Every structure is written in C-alpha cells, then in structure tokens.
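Each chain, written out:
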Amino acid sequence: CEICVYGEERPEQLQRLGRMFAAIPYNVVSPSRAAMRLWETSSQLPVKSKTVHPHCMLRPAPIPKSVGRTGRLRIGYLGLPIFHKGWTVFQALLDRYADVFDFHYLGEVDCGDPRVTWRKVSSGDGADAAENPMAAAVAAVELDFVVIWPTWPETFCFVAYEAIAGGAQIITNRDSGNVADLVETERVG
C-alpha cells in the first residue's frame, strides 16, 4: 500500500495482519489466476499454501452460432450499464460506429438509447439452476463481440464466461484481470 486513503490506522492494521498471518498457517484460495497474481505481488504475508479455485468453468464446446448468418457485426454489453464495468467504452464504440455495427444490450434495465437493441435478461430467468439465461441470450442474439472493460483487475467475471459460453468474442483491456486471462487461455479475443 503505497498511497493510503484509509486513514492513519492503516499501518497499524497492516501490522496486525502480519502478526495474524505469522501466527496462523493460512491456506489462501483465489477465484482466478489474476487474483492470485495480485495477492502475490501485493502481499508478502506468509501462507501455508495457495490454490486457485474458479467459481465456474467453461464447458468444452460453446453454443454454436447459426451457419451462414449475414449482416453487420453485432457488439454487445452484458449486465449493469455502469462506468466501472465498461459501459462508457461501449458507448464510445456506439457513438463512433453506430452506422457500421449493430449494438445490443442484454440486461435487466433498458439503457434508453434507440441505437441499441435491448433484450431483457436477468439471472433469475432460467427454468432451473443448470440453465444460463445470459449465455442463452448471447447465443440467441448471435453476438459476435461483447465489451467487458472493467476499470480495475477483476478477480472473477461471470459475464466473461457467459459471453464465451454464448459464442461471443470478448473486447477487453490488458489490465482487466480475470477477463484478460480468460481471453488469453481460451483464445477468444
């Protein structure tokens, strides 16, 4: 912690954490390789072991797109339309390329932009726990790309898995943590 915004008590808190980790042999579990790398580069705390255990995994074969679909490329945004998840990057692409590509938003609330086709999707839309309504919607809309542009390294990003499971490629940045790692390991971007 080089720049502290947590007040004068931060150094004492870090000392207490150091004593606690020295006294107890912790097994650190991380939801992604990116989160584990962040832990390893940001912390010198002693641990007994380190394990990466993802919240979910991709199935071997993504949902296929229709063969022979014609028309413009389809670029999508999934989930909440908020700055720190990349909504402003999606909007910038929309502002620049609305006449070149088709833009789609899959989420619970209409974004209100007439240049964007909205499809209401929420996590509770599946008939049972085995279904994934967002991945199914990505496949149904036949998105080619999904913008996932977080402003910090994601520890784990379900939306990225849903996009890939639905057959889309991901547009992200190299500092997006788990998203960038997933693109690299799945060779989808």
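Going by the structure above, here's the rest.
Residues numbered from 1 in each chain as written. Predicted model: local features only at pLDDT ≥ 70, side-chain atom pairs only at ≥ 80, totals over all residues. Heavy atoms only, no water.

**Some words on the environment of A22**
Here is step 1: Checked against the element boundaries, A22 lands in helix α1 (residues 10-23).
Here is step 2: As a C-alpha pair, A22 and P46 span 24 residues in sequence and 6.2 Å in three-dimensional space. (Helix = DSSP H or I, 4+ residues; strand = E, 2+ residues; numbered from the N terminus.)

**Focus on the sheet that holds strand β5 (residues 116-120)**
Here is step 1: Sheet architecture is open: five strands sit in the order β5-β4-β3-β6-β7, paired in parallel fashion. Edge positions in the open sheet fall to β5 and β7 (169-171), since each of these has one partner strand only. Recorded for the sheet is a direction-independent mean angle of 30° between the axes of neighbouring strands.
Here is step 2: Summarising the sheet, strand β6 (residues 145-147) and β7 pair through three bridges and their orientation is parallel. Bridging across to β7, F145 finds its partner in Q169.
Here is step 3: Those strands touched by helix α3 (residues 87-97) are β3 (74-78), β4 (102-107), β5 and β6, and its axis lies near 155° from that of β4.
Here is step 4: On the sheet, helix α5 (residues 158-165) packs against β3, β6 and β7 and is oriented at approximately 140° with respect to β7. (Pairing = 2+ DSSP bridges. Axes fitted to C-alpha atoms, helices over the stretch in contact; angles between N-to-C directions. Contact = heavy atoms within 4.5 Å.)

**Notes on the nonpolar core**
Here is step 1: Counting residues in hydrophobic clusters, the biggest one holds 21 residues, and the most contacted among them are L78, L106, L143, V146, I148, A160 and I170.
Here is step 2: Elements supplying a minimum of two residues to this core: α4 (133-141), α5 and α6 (178-186).
Here is step 3: Excluding residues that lie within four positions of it along the chain, L106 makes contacts with Y77, L78, G79, R119, V121, M134, A137, V138, V141 and L143.
Here is step 4: Of all hydrophobic cores here, the second largest spans nine residues; its members include I75, Y77, Y105 and V116. (Core = buried A, V, L, I, M, F, W, Y, C linked by side-chain atoms within 4.5 Å. Buried < 20%, exposed > 50% of the residue type's maximum accessible area, 1.4 Å probe, protein only.)

**Focus on the packing of aromatic side chains**
For any two aromatic rings, the description comes down to two numbers: the centre-to-centre distance and the angle of the planes.
Here is step 1: The tally for this structure, following the rule as stated, stands at eleven aromatic pairs.
Here is step 2: Ring geometry for F21 versus Y26: centroids 4.5 Å apart, planes at 35°, classification tilted.
Here is step 3: Owing to a relative accessible area of 25%, Y26 belongs among the partly exposed residues under this scheme.
Here is step 4: Ring plane angle 45° and centroid distance 5.6 Å describe the contact between Y77 and F90, whose orientation is recorded as tilted. Of the two residues, Y77 sits in strand β3 while F90 sits in helix α3, which places them 13 residues apart along the sequence. (Phe/Tyr/Trp six-rings, centres within 6.5 Å; stacked < 30°, edge-to-face > 60°.)

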